[in-house]
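# Coordinates in review
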Amino acid sequence: MWQGHRVSVVFPAYNEEAGIAAAVSDFGGLDAVDEVLVVDNNSRDKTVAQALAAGARVVREPRQGYGHALRRGLAEAQGAYVVLAEPDGTFIGKDVLKLLAYADDFDLVLGTRTTRELIWHGANMGWQLRWGNWVVAKLLQVLFGGPSLSDCGCTLRLVRRSVAERMLPRFTVGGSHFLPEMVCLALLERQRVVEVPVNYRDRVGQSKITGSMSTAIRVAARMVGVILRYRLFGQ
Ligand SMILES: Nc1nc2c(ncn2[C@@H]2O[C@H](COP(=O)(O)OP(=O)(O)OP(=O)(O)O)[C@@H](O)[C@H]2O)c(=O)[nH]1
Ligand SMILES: [Mg+2]
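Here we summarise the structure given alongside this text. Note that the coordinates shown come from a computational prediction; the quantities given were computed from them, not determined experimentally. (Residues numbered from 1 in each chain as written. Chains lettered and ligands numbered in written order. Predicted model: local features only at pLDDT ≥ 70, side-chain atom pairs only at ≥ 80, totals over all residues. Heavy atoms only, no water.)

### As for the overall build of the chain
Within the chain one finds eight helices and seven strands. The globule rule puts the C-alpha radius of gyration for 235 residues at 18 Å, and the 16 Å found for the chain is close to it. By its C-alpha atoms, the chain is 45 × 40 × 35 Å across when sized along the principal axes. Here the chain, with 235 residues, has 53% of them falling under the buried criterion. Of the roughly 10300 Å² of accessible surface on the chain, 54% is carried by carbon and sulfur atoms. Of the side-chain charges in the chain, 28 are positive and 23 negative, and the distance between the mean point of each set is 6 Å. (Helix = DSSP H or I, 4+ residues; strand = E, 2+ residues; numbered from the N terminus. Rg over C-alpha atoms; globule rule 2.2 N^0.38 Å. Buried < 20%, exposed > 50% of the residue type's maximum accessible area, 1.4 Å probe, protein only. Areas by Shrake-Rupley, 256 points an atom, 1.4 Å probe, with all protein chains shown as cover. Lys, Arg positive; Asp, Glu negative; His and termini not counted. Charge placed at Lys NZ, Arg CZ, Asp CG, Glu CD.)

### Some words on helix 7 (residues 179-188)
Since the α-helix turns once every 3.6 residues, residues separated by three or four places project in the same direction. Burial of helix 7 is extensive: nine of the ten residues sit out of reach of the surface. Among the residues of helix 7, Leu179, Pro180, Glu181, Met182, Val183, Cys184, Leu185, Ala186 and Leu187 are the ones counted as buried. Arg190 sits one or two residues past helix 7 and shows a positive phi near 60°.

### A few points about the pairing of strand 1 (residues 7-13)
Taken across its seven residues, strand 1 has seven buried, putting it largely inside the fold. A two-sided burial pattern is seen for strand 1, the buried positions comprising Val7, Val9, Phe11 and Ala13 on one face and Ser8, Val10 and Pro12 on the other. Pairing of strand 1 with strand 4 (residues 81-84) involves four bridges; the strand directions are parallel. Looking across to strand 4, one finds that Val10 is bridged to Leu84. Sheet topology places strand 1 next to strand 2 (residues 35-40); six bridges connect them, and they run parallel. Residue pairing for strand 2: Val9 is matched across the bridge by Val36. Once the chain exits strand 1 it traverses helix 1 (residues 20-28) before rejoining the sheet at strand 2, and the crossover so formed is right-handed. (Pairing = 2+ DSSP bridges. Right-handed = clockwise from strand over helix to strand, strands pointing away.)

### Digging into the pattern of salt bridges
Side chains that differ in sign of charge can pair as their charged atoms come close. Going through the model one piece at a time under the given rule, you end up with 16 salt bridges. Of the charged contacts in the structure, one is a salt bridge between Lys208 and Glu16, with a shortest N-O distance of 2.8 Å. Here Glu16 lies in the loop between strand 1 and helix 1 and Lys208 lies in the loop between strand 7 (193-197) and helix 8 (213-233), a separation of 192 residues in the sequence. A residue is classified by how much of its surface remains accessible, and Lys208, at 31% relative accessible area, is partly exposed. With a relative accessible area of 6%, Glu16 lands in the buried category. In this structure, Arg63 engages Glu61 in a salt bridge whose closest nitrogen and oxygen atoms are separated by 3.1 Å. When its relative accessible area of 3% is taken as the criterion, Glu61 is described as buried. A single network of salt bridges, built from pairs that share partners, joins Glu16, Asp88, Arg203 and Lys208. (Salt bridge = Lys/Arg side-chain N within 4 Å of Asp/Glu carboxyl O.)

### A word on the site of ligand 1
The environment of ligand 1 is made up of 19 residues, and the closest members are Glu16, Asn41, Gln64, Arg203 and Ser207. Between Gly65 and ligand 1, the recorded distance is 3.0 Å, taken from a backbone N or O atom to an oxygen atom. Separating an oxygen atom of ligand 1 from a side-chain N or O atom of Ser207 is a distance of 2.6 Å. The protein chains hide 94% of the 610 Å² of surface that ligand 1 would expose on its own. Residue classes in the shell around ligand 1 are distributed as seven nonpolar, seven polar and five charged. (Near = heavy atom within 4 Å. Polar contact = N/O pair within 3.5 Å; in protein donor to acceptor, adjacent residues only side chain to side chain. Nonpolar A, V, L, I, M, F, W, Y, C, P; charged D, E, K, R; others polar.)

### Some remarks on the coordination of the magnesium ion (ligand 2)
Looking at the magnesium ion (ligand 2), one finds its protein donor set to be Glu86 (OE) and Asp88 (OD), positioned 2.0 to 2.1 Å from the metal centre. Among the residues examined, Asp88 registers a relative accessible area of 3% and is labelled buried. (Donors = N, O, S within 2.8 Å, 3.2 Å for Na, K, Ca; no water.)

### Looking at empty space enclosed by the protein
Evaluated as defined, the whole model comprises one cavity of 30 Å³ or more. Quantified by volume, the largest cavity comes out at close to 60 Å³. Around the largest cavity sit Leu110, Ala137, Leu140, Leu149, Asp151, Cys152, Arg157, Leu179, Pro180, Val183 and Glu195, which together line it. Residue assignment for the lining of the largest cavity shows that the elements contributing at least two residues are helix 5 (127-144) and helix 7. When the residues that make up the lining of the largest cavity are grouped by side-chain class, the tally is eight nonpolar, no polar and three charged. (1 Å grid on protein atoms, 1.4 Å probe; cavity = no way out; pocket = protein on both sides within 12 Å on 5 of 7 lines; lining within 4 Å. Points joined across faces, edges and corners; volume = space filled by probe spheres on them.)

Below, the structure is given as structure tokens:
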């Protein structure tokens, strides 16, 4: 509970047995967090068993994809504040407190992983990914008239559930380029959006998206496509 509001943490999970228990304990151990919700996306390993044993609520999303998993989490979470994160060791539970510090004044609080001081040794945020995320974020910022954005792909973010509920019927992306769609919709609806620096660490378990440069480039191109589509057509 944070200032009288219930807080949910949502973890999309596709074969994350290596890190999920530690992530559920880390985020769920915060006094402010009331619920940890794991959205299992057809994992074939022990993700579900590990998540349940660590005290998470688990729902299953059969449609494969990062966006589908997050959309399901936004629909199922019970808190008034919903925090999206990843259960792969890249994010730190206590950074949720940074997001909550802005939750009273903003509708969507985005993490950014491009702050050099907070990129840990071994994290998958070399200069190509860092600048790639920054360039796509700046494109979004310029086309939508602010606010200042420096990362287009940070899962760690907080959204008010009332705002998420308005977005849910409008989401179209089920794949790995889901995140900018959320920001475009928020800015088109004149929601208050802010970005805060968060820690970014080395991953536990196997990478599925930005571990491969060719996949990262493909995802970035699709993100640009989504941003241009919303700017030109508003949907
Ligand atoms: N790629 C992918 N990820 C999914 C899917 N469903 C859920 N996820 C989860 O979405 C999150 C993002 O995937 P990651 O492999 O961590 O991708 P990333 O964060 O871009 O890159 P790394 O953390 O460096 O591997 C993880 O928590 C996955 O378990 C899916 O169908 N595909
Ligand atoms: Mg990850």
